[in-house]
Amino acid sequence: MRHHPKPTSPHRVSLTQCLAALITLACSSLASFTANGTAAPNFVLIYGDDVGFGDVSCYGATGVTTPNVDRLAAEGLRFNSGYCSSATCTPSRYSMLTGEYAFRKSGTGVLPGDAALIIEPGRATLPSLLQKAGYRTAVVGKWHLGLGSSRGELDWNGEIKPGPNEIGFDYSFIMAATGDRVPCVYVENHRVVGLVESDPIQVNYKQPFPGEPTGTSNRDTLKLDWSHGHNEAVIDGIGRIGFMKGGEAALWKDEDMADVFTKKALKFIEESKDKPFFLYFATHDIHVPRVPHPRFVGKTSMGARGDAIVQFDWCVGEILRKLDDLKLSENTLVILSSDNGPVLDDGYKDFANEKLGNHKPAGPYRGGKYSLFEGGTRVPFLVRWPARIKPGVSDALISQVDFPATLGALVKVKPDATTMPDSLNVLPALQGDSKQGRDHIVEHANGLSLREGQWKYVSPGRTREKLGPWEILNISEPGLLFDLASDPGETKDLASEHPETVKRLAARLASITGHGKAK
Ligand code: NG6
Ligand code: CA
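Thresholds applied
- The numbers attached to residues start from 1 for each chain and follow its sequence in the written order.
- Chain letters start at A and ligand numbers start at 1, both assigned in the order the entries are written.
- Reporting of local features is limited, given that this is a predicted model, to residues whose pLDDT is at least 70; pairs of side-chain atoms are given and counted only at 80 or more, and all residues count toward the totals for whole chains, interfaces and linings.
- Excluding hydrogens and water, the side-chain figures rest on all heavy atoms present in the structure.
- Residue exposure (1.4 Å probe, protein chains only): buried if accessible area is under 20% of the type maximum, exposed if over 50%, otherwise partly exposed.
- In this description a helix means any DSSP run of H or I spanning at least four residues, a strand means any run of E spanning at least two, and both kinds are numbered starting from the N terminus.
- The arc in question is the one spanned by the directions pointing from the helix axis to the C-beta atoms.
- Here, a salt bridge means any Lys or Arg side-chain nitrogen found within 4 Å of an Asp or Glu carboxyl oxygen.
- The donor set comprises N, O and S atoms within 2.8 Å of the metal, extended to 3.2 Å for Na, K and Ca; water molecules are omitted, so apparent gaps in a site may simply reflect that omission.
- Tetrahedral means four donors with every angle between 85 and 135 degrees, whereas square planar (four donors) and octahedral (six donors) require angles over 155 degrees between opposite donors and between 65 and 115 for all others; sites fitting neither are termed irregular.
- Residue proximity to a molecule or strand is established when one non-hydrogen atom of the residue lies within 4 Å of it.
- The definition of a polar contact used here is a pair of N or O atoms within 3.5 Å, where within protein one atom must be able to donate a hydrogen and the other to accept one, and adjacent residues in sequence count solely through side-chain atom pairs.
- All accessible areas in this document rest on Shrake-Rupley with a 1.4 Å probe, and a residue is counted as covered only by the protein chains that are shown.
- Basically, the charged four are Asp, Glu, Lys and Arg, the nonpolar ten are Ala, Val, Leu, Ile, Met, Phe, Trp, Tyr, Cys and Pro, and anything else, Gly included, counts as polar.
- Throughout the structure description, domain borders are defined by an automatic or database domain assignment.
- Put simply, two rings from Phe, Tyr or Trp (the six-membered ring, in Trp's case) pair if the centres are within 6.5 Å, and we call them stacked under 30 degrees between planes, edge-to-face over 60, tilted for the rest.
- For a Lys NZ or an Arg CZ to count as sitting over a ring, it must be within 6 Å of the ring centre and within 35 degrees of the ring normal.
- Orientation is described by lines fitted to C-alpha atoms, with helices fitted over the stretch in contact, and by angles between N-to-C directions that extend from 0 to 180 degrees.
- For classification purposes, angles smaller than 35 degrees are called roughly parallel, those larger than 145 roughly antiparallel, those between 65 and 115 roughly perpendicular, and all remaining angles oblique.
- For this analysis, residues touch if any pair of their heavy atoms sits within 4.5 Å.
- The term buried area refers to how much accessible surface (probe radius 1.4 Å) is lost by two components on association, counted for both of them together.
- Note on scores: pLDDT gives the predictor's confidence for each residue, bounded by 0 and 100.
- Strand pairing is defined by DSSP finding a minimum of two bridges between the two strands.
- Definitions for this section: a left-handed crossing has its near helix turned counterclockwise from the far helix by less than a right angle. A right-handed crossing has that turn clockwise.

Visitor: So what about helix α2 (residues 67-75)? Which residues, and what values?
Guide: Where α2 is concerned, the buried positions are Val69, Leu72 and Ala73. Each buried residue of α2 lies within a common arc of 100° when the element is viewed along its axis, so the set occupies one face. Facing away from the buried side of α2 by over 90 degrees, the exposed positions are Pro67 and Ala74.

Visitor: Provide a residue-level description of the pattern of salt bridges, including the pertinent values.
Guide: Within the structure shown, the criterion is met by 40 salt bridges. Among the ionic pairs, Glu271 bridges to Arg136, the shortest N-O distance being 4.0 Å. Here Glu271, found in helix α5 (residues 257-272), pairs with Arg136, found in strand β3 (residues 136-142); they are 135 residues apart in sequence, far enough to count as distant. Residue classification places Glu271 among the partly exposed positions, given a relative accessible area of 44%. Overall, the relative accessible area of 22% leaves Arg136 in the partly exposed class. Across the salt bridge formed by Lys456 and Glu443, the nearest N and O atoms sit 3.1 Å from each other. With Lys456 in strand β17 (residues 455-458) and Glu443 in strand β15 (residues 441-444), the pair connects residues that are 13 residues apart, well separated along the chain.

Visitor: How would you summarise the coordination of the calcium ion (ligand 2) if you had to cite specific residues and measurements?
Guide: Summarising the metal site, the calcium ion (ligand 2) is bound by the protein donors Asp49 (OD), Asp50 (OD), Asp339 (OD), Asp339 (OD) and Asn340 (OD1), whose distances to it range over 2.2 to 2.7 Å. Viewed at the metal, the six donor atoms of the calcium ion (ligand 2) are separated by angles of 51 to 171°, and the geometry they form is irregular. One chain supplies every donor for the calcium ion (ligand 2), spaced along it as D-D-x288-D-N.

Visitor: Pulling in residues and values, what's your account of the site of ligand 1?
Guide: Close to ligand 1 lie 21 residues, the nearest being Cys89, Asp180, Arg181, Asp346 and Lys369. The side chain of Lys142 places a nitrogen or oxygen atom 3.0 Å from an oxygen atom of ligand 1. Taking Asp346, its main chain carries an N or O atom lying 2.9 Å from an oxygen atom of ligand 1. Burial of ligand 1 by the surrounding chains reaches 84%, relative to a free accessible area of 450 Å². Considered class by class, the residues forming the shell around ligand 1 number five nonpolar, eight polar and eight charged. Of the domains in this structure, domain 1 (39-201 + 246-441) and domain 2 (208-244) are the two that each give at least three residues to the shell around ligand 1.

Visitor: Provide a residue-level description of the packing of aromatic side chains, including the pertinent values.
Guide: Counted under the stated rule, the structure contains 19 aromatic pairs. Ring geometry for Tyr171 against Phe268: centres 6.5 Å apart, planes inclined by 5°, an arrangement best described as stacked. One end of the pair, Tyr171, is in strand β4 (residues 171-175); the other, Phe268, is in helix α5, and 97 residues separate them in sequence. Neither Tyr171 nor Phe268 differs from the other in exposure class; each is buried. A network of ring pairs unites the aromatic residues Tyr47, Trp143, Phe169, Phe278 and Tyr280 as a single cluster. Sitting over the face of the ring of Trp226, Arg219 holds its NZ or CZ atom 3.6 Å from the ring centroid. One cation-aromatic arrangement involves Arg295 over Trp314; the distance from NZ or CZ to the ring centre is 4.6 Å.

Visitor: So, the packing of α2 against helix α6 (residues 304-325): which residues are in play, and what are the values?
Guide: For any two helices packed against each other, the geometry is given by the interaxial angle and the distance between the axes. With their axes 7 Å apart at the nearest point, α2 and α6 run at an angle of 55° to one another. On the basis of the axis angle, α2 is oblique to α6. Together, Pro67, Asn68, Val69, Arg71 and Leu72 of α2 and Phe312, Asp313, Trp314, Val316, Gly317, Leu320 and Asp324 of α6 make up the contact between the two elements. Residues of the contact of α2 with α6, tallied by class, amount to seven nonpolar, two polar and three charged.

Visitor: Can you break down the domain arrangement of the chain residue by residue, with the values?
Guide: Segmenting the chain into domains produces domain 1 (39-201 + 246-441), domain 2 (208-244) and domain 3 (443-515). For domain 1, the biggest contributors to the area lost against domain 2 are Val182, Tyr348 and Lys349; these three give 36% of the whole. Across the contact surface, domain 1 and domain 2 share four salt bridges. At the boundary of domain 1 with domain 2, the tally comes to 14 residue pairs in polar contact (both at pLDDT 80 or more). Considering only residue class, the side of domain 1 that touches domain 2 consists of ten nonpolar, three polar and nine charged.

Visitor: Break down helix α8 (residues 403-410) for me, citing the residues and quoting the values.
Guide: Of all eight residues in α8, seven are buried, a share of seventy percent or more. Buried-residue contacts for α8 involve β1 (42-48), α3 (89-98), α4 (126-132), β12 (332-338), β14 (392-399) and α9 (427-430). Positive phi shows up at Lys412, right after α8, with a value of about 65°.

Visitor: Pulling in residues and values, what's your account of the confidence of the model for the chain?
Guide: Segments scoring low in pLDDT should not have their predicted coordinates read at a detailed level. Confidence along the chain averages 93 in pLDDT terms, with 92% of residues attaining 70 or more. Confidence over residues 1-13 falls short of pLDDT 50; this stretch has two contacts with residues more than four positions distant or in other chains. When the criterion is pLDDT under 50, residues 21-31 qualifies, and its contacts beyond four places in sequence or with other chains add up to nine contacts.

Visitor: Before we move on, could you go through the sheet that holds strand β6 (residues 191-192) and cite the residues and values that matter?
Guide: With mixed pairing, the ten strands of this open sheet are ordered in space as β6-β5-β4-β3-β11-β1-β12-β13-β2-β14. Bordering the open sheet on either side are β6 and β14, each of which pairs with just one other strand. Note that β3 and β4 share five bridges and pair parallel. In the strand pairing of β4, Val140 is matched with Phe173. Across the face of the sheet, α2 comes into contact with β2 (77-83), β12 and β13 (382-384) while running at roughly 65° to β13. Contacts between α8 and the sheet are confined to β1, β12 and β14, with β1 contributing the most and set at about 160° to the helix.

Visitor: Outline the side chain of Glu374, supporting the account with residue identities and numerical values.
Guide: Note that Glu374 resides in helix α7 (residues 374-377). Those residues in contact with Glu374 that sit more than four places away from it in its chain are Tyr83, Tyr365, Arg366, Glu443, Arg451, Lys456, Leu484 and Glu490.

Visitor: Account for the packing of α5 against α6, naming residues and giving values.
Guide: Contact pair α5 / α6: the axes reach a minimum separation of 10 Å and the direction vectors enclose 15°. One finds that α5 runs roughly parallel with respect to α6. When you trace α5 past α6, the crossing you get is right-handed. Seen from α5, the contacting residues are Ala258, Asp259, Thr262, Ala265, Leu266, Ile269 and Glu270; seen from α6, they are Gln311, Trp314, Cys315, Glu318, Ile319, Lys322 and Leu323. Here the residues of the contact of α5 with α6 are counted per class, giving eight nonpolar, two polar and four charged.

Written out as structure tokens, the structure reads:
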């Protein structure tokens, strides 16, 4: 409790209040104008989960139509070479929020649901830069960057911190990890939502709770069977990763998740409409378990995966409509992208393979989630800002790791050069003023690839290339080389024809990983 000085009369304004008002004024005016004098926009970052390059119609989807995503493309810039930094969730999100490639830091792989927070409080982040510029910031949806300070020790019944609110978000409404990992509850700011004291939550990633059902012991009762993993706790008839007990009243319903997150996102926009705001809206769709709301079931012939794409598109539509209703669309910069490429069977028998038809989740690209090929990290990447950006299509190379430096530049806040070594200011490309973005892209899965212009080098090691179930592909020395200009599907290895290019790209990759700088 802060100790207050003597109470003052309600009409007398204290010095502290005056100072607070001045600071607020200064902060909001900070965010009022961009470098070139246009009013600074609000930011809405819509971040899909496992949405592949070819999963939305503006990038050529055939099995599903996505009118709301397509609207963003028609009214904004559609990037053909937009990348997340990794072929899985946690490292992509880590890089995007910190401006540092996840491969520089151990412990940034796909996290369990009881992992500690992997972004140090106090460190500059995308949201903290925007806070500095006077923005109100929020994350709604999937977190998957850990909570608390040491693994497995968080008391889910108490104050849950450090978490998003400690690294730059004023407001958070999240699921801790993934839809397929316990705990299956929402966390709003520092508390589990809807928890009752008499039924505390316990979470354990090492051993089951005696007497609790598991996906193995109760397999014949499951409403969605698993194909691999996902056989530990059973929550709402679905096997998950990890064990949990209690918290019955707080458990989410998978079918309602898109509605719940969307409602919170809309509320945040509504409440922030008079100030500059940044909303990071990270959907659960189209990650497993794919259990869309009944109103979306059967909307495509692709089964749950296709229907989850329709649900994702609905969420996008709700956000766009709210911006329209509040007359905020013109000066809000909306980015839509995904955390990694597509996957079909990711551990549940939801018939994603069987019902795929001719749809190509990764578009023309090889591989998908978990892969070093283009399908792993080349994702939908749309940017709409009617007040400033002319609609069109861009071939500039652009990566999500650039968001801190680029959005920072827009609001005149410098990124932290020491902790954000990999974030480049690509504002001219993002705004469509320049055809030139980065001159290279590092793609991360189990190993690393490097794209430089038309060339793509895949370093030796192991990777996956099917969309699940997988066969592991062993890549031998000196690695693979593709010419993306003539062979976007990475079908013809040119390493033996161009040994000098292989050598040069391998050396560049080594210098990027070795010297801590990607510039
Ligand atoms: C894998 C899970 C997969 C998914 C992935 C993370 C199994 C067998 N597979 O370990 O289902 O949860 O982790 O996905 O458990 S991500 O999009 O969050 O990176
Ligand atoms: Ca993902």
